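Structural overview for review
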Amino acid sequence: MKVLVVGGGGREHALAWKLAASPKVQLVFVAPGNGGTAADARLKNLPITDIDALADFAQTEKIGLTVVGPEAPLAAGIVDRFRARKLRVFGPTKAAARLESSKAFSKAFMQRHGIPTAAYEAFTEAAAAHAHVDRVGAPIVVKADGLAAGKGVVVATTLAEAHAAIDWMLGSGGTKLDVANNEGGARVVIEEFLTGEEASFIVVADGRTVVPLATSQDHKRLNDADLGPNTGGMGAYSPAPVVTPNVHAKVMHEVILPTLAGMAADGIPYTGFLYAGLMIDAAGNPKTLEFNCRMGDPETQPIMMRLKSDLLDVLLHAADGTLDQAAELQWDRRVALGVVMAAHGYPDKPRKADVISGLPKPAEDAVVFHAGTSRLSHDLVTSGGRVLCVTALGESVKVAQQRAYEALAPIRFDGMQFRRDIGHRAIRR
Ligand code: AMP
Ligand code: GLY
């Protein structure tokens, strides 16, 4: 079977790498892919991003399954358009993708279906939002409604920060945040500040049945000790020890299954990867910080390293609505840990075209997944903010961490940035 993976980041490299390992897969196209997917003989880059052109390609090439990586094409309705042409695709419809693309939608959904989440209110009027913040006090969290490429959340520790975030997001004075997919103008969600430890809980869903993937935890801040600005993610590991068997059962029963049932009851059955970003309190009670309608990046890279089962099998079942017949997923008992290497100037203004050297050969226990890389004549160069994710397996978090940093050591490019403490929370436990 020929498979198409839509996207060009580290997540898509890891998905394509794993799909290509299936004995049933002949070739994986990655659209548009990156410098790493270009270098793998089992993968083929496809320079297409337009949805209708991708559907035309899937039709003429007789693609057996299309897997969509990023949120933007999902929110734009790629799944609806493929399905309308009877093309097999794995992902949520445009309506279901609103769980990620609209915070106001997902908060109202959670409230309606009794899914634990921070208390909140939504505002379109700056004056009302300011008054609310004054009433509740800080710390408080201000979120833009819509896809804001990771920039739409301000955890305000002071009232002044909260007021500034409202002005910025609602556009009264200052610069306005550019938010995609928000319906009917700017809106903010203001919510209760939660404490605890975060974890990423991702499942494969076919509308009725879910198969949970291994748990993981990412590191959103740029610098060591979780300092500096928020990024798309500077590293991740799997499993997340905070998700004990007891917490796992709670997440399934209080968050995941009610979400699937709620979406079905609302007439928007959820198919695709569903990512619940969780805050788990000291008593082990999970609250949902956010839903993403896709795999996490960089969580996918360590998760795919640990998956021993055939990814194609489970995704075909999910796309066909027969996930209840899929075999249970088998996981490597080892820990996987990925360290992101980012470009100079990331996250604000990542620089392009720095030459990358020193990539180690792939090993059974260490793989370098590419994100913002491309070929420029004979060189591999940086072409985006997050450049590489060096991912390794080890018997413990500590061993996986050592192995990842050992594989990373020879890699060089001007201005490279990476954290030296990925996995620190799990190691401290
Ligand atoms: P989100 O995109 O909604 O997951 O938010 C991004 C990050 O902001 C999360 O990973 C948390 O670290 C933080 N955050 C979001 N909501 C809250 C909250 N209610 N309380 C505390 N931290 C939060
Ligand atoms: N790593 C967080 C995300 O993919 O949204």
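In what follows, the structure referred to is the one given above.
Described in the following lines is the structure provided in the data block. (Residues numbered from 1 in each chain as written. Chains lettered and ligands numbered in written order. Predicted model: local features only at pLDDT ≥ 70, side-chain atom pairs only at ≥ 80, totals over all residues. Heavy atoms only, no water.)

Once that is clear, we can look at the environment of E61. Note on placement: E61 falls in the loop between α3 (51-60) and β4 (63-68). Residue classification places E61 among the partly exposed positions, given a relative accessible area of 28%. Along the sequence, E61 and V3 sit 58 residues apart, while their C-alpha atoms lie 9.6 Å from each other. In this structure, E61 is in contact with K2 and F29, ignoring residues within four places of it in sequence. Side chain to side chain, E61 and K2 meet in a polar contact 2.8 Å long. (Helix = DSSP H or I, 4+ residues; strand = E, 2+ residues; numbered from the N terminus. Buried < 20%, exposed > 50% of the residue type's maximum accessible area, 1.4 Å probe, protein only. Contact = heavy atoms within 4.5 Å. Polar contact = N/O pair within 3.5 Å; in protein donor to acceptor, adjacent residues only side chain to side chain.)

Time to look at helix α1 (residues 10-20). Of all 11 residues in α1, 10 are buried, a share of seventy percent or more. Within α1, burial applies to G10, R11, E12, H13, A14, L15, A16, K18, L19 and A20.

Okay, the site of ligand 1 next. Neighbouring residues of ligand 1: 15 residues in total, closest E191, E192, L194, E198 and E290. Contact distances for ligand 1 include 2.8 Å between a nitrogen atom and a backbone N or O atom of E192. Coverage of ligand 1 by the protein amounts to 88% of the 470 Å² it exposes when considered alone. Only β7 (140-144), β8 (153-156), β9 (188-192) and β17 (286-292) provide two or more residues apiece to the shell around ligand 1. For the shell around ligand 1, a count of residues per class yields 8 nonpolar, no polar and 7 charged. (Near = heavy atom within 4 Å. Areas by Shrake-Rupley, 256 points an atom, 1.4 Å probe, with all protein chains shown as cover. Nonpolar A, V, L, I, M, F, W, Y, C, P; charged D, E, K, R; others polar.)

There is about 550 Å³ of room inside the second largest pocket. As for the second largest pocket, its lining consists of 27 residues, of which W17, P362, V367, V368 and F369 are closest to the centre. Mapped by element, the contributors of at least two residues to the lining of the second largest pocket are α1, α2 (35-39), α11 (300-306) and β19 (366-370). The biggest single contributor to the lining of the second largest pocket is β19, with 4 residues. Split by residue class, the lining of the second largest pocket holds 14 nonpolar, 4 polar and 9 charged. (1 Å grid on protein atoms, 1.4 Å probe; cavity = no way out; pocket = protein on both sides within 12 Å on 5 of 7 lines; lining within 4 Å. Points joined across faces, edges and corners; volume = space filled by probe spheres on them.)

The next thing to look at is the packing of α1 against helix α12 (residues 311-320). Where α1 meets α12, the closest approach of the two axes is 8 Å, and the angle between their N-to-C directions is 105 degrees. When the axes of α1 and α12 are compared, the pair comes out roughly perpendicular. On the side of α1, the interface is formed by L15, K18 and L19, while α12 contributes L311, L312 and L315. Partitioned by chemical class, the residues of the contact of α1 with α12 number 5 nonpolar, no polar and 1 charged. (Axes fitted to C-alpha atoms, helices over the stretch in contact; angles between N-to-C directions. Parallel < 35°, antiparallel > 145°, perpendicular 65-115°, else oblique.)

Strand order across the open sheet formed by 5 strands is β12-β15-β18-β22-β19, with antiparallel pairing between neighbours. In this open sheet, the two edge strands, each paired with only one partner strand, are β12 (217-218) and β19. As paired strands, β12 and strand β15 (residues 235-238) are joined by 2 bridges and run antiparallel to one another. Looking at the pairing, D218 lines up with A236 of β15. (Pairing = 2+ DSSP bridges.)

Here the focus is the sheet that holds β7. Spatially, β6-β9-β7-β8 is the arrangement adopted by the 4 strands of the open sheet, whose pairing is antiparallel. Each edge of the open sheet carries a strand with a single partner, namely β6 (120-123) and β8. Between one strand axis and the next, the sheet turns through 20 degrees on average, direction left out of account.

With an omega of -5 degrees, the peptide bond running from A138 to P139 counts as cis. The topology assignment puts P139 in the loop between α8 (126-136) and β7. Here K86, not a glycine, exhibits a phi torsion of approximately 60 degrees, which is positive. Along the polypeptide, K86 turns up in the loop between α5 (78-84) and β5 (89-90). Given a relative accessible area of 76%, K86 falls into the exposed group. The backbone of A353 sits at a positive phi, close to 75 degrees, despite the residue not being glycine.

A few words on the pairing of strand β18 (residues 335-342). Extensive coverage of β18 is indicated by the burial of 8 of its 8 residues. Residue alternation in β18 divides its side chains into two sets, V335, L337, V339 and M341 and A336, G338, V340 and A342, and both sets are buried. In this structure, β15 lies alongside β18, joined through 4 bridges in antiparallel fashion. Across the sheet, the residue bridging to A236 is G338, located in β18. With 8 bridges joining them, β18 and strand β22 (residues 386-394) adopt antiparallel strand pairing. Note on β22: the bridge partner recorded for M341 is L388.

Now for the pattern of salt bridges. Per the counting criterion, the structure on display carries 27 salt bridges. Residues R294 and E100 are paired through a salt bridge, measuring 3.2 Å at the closest nitrogen-oxygen approach. Of this pair, R294 sits in the loop between β17 and α11 while E100 is found in helix α6 (residues 98-101), placing the two residues 194 residues apart along the sequence. Residue E100 is classed as buried on the basis of its relative accessible area of 9%. The residue E191 makes a salt bridge to K107 at a minimum N-O spacing of 2.8 Å. Of this pair, E191 sits in strand β9 while K107 is found in helix α7 (residues 103-112), placing the two residues 84 residues apart along the sequence. On the basis of relative accessibility, which here comes to 3%, the residue E191 falls in the buried class. Each member of the salt-bridge network shares a partner with another, and the members are D226, R419, D421 and R425. (Salt bridge = Lys/Arg side-chain N within 4 Å of Asp/Glu carboxyl O.)

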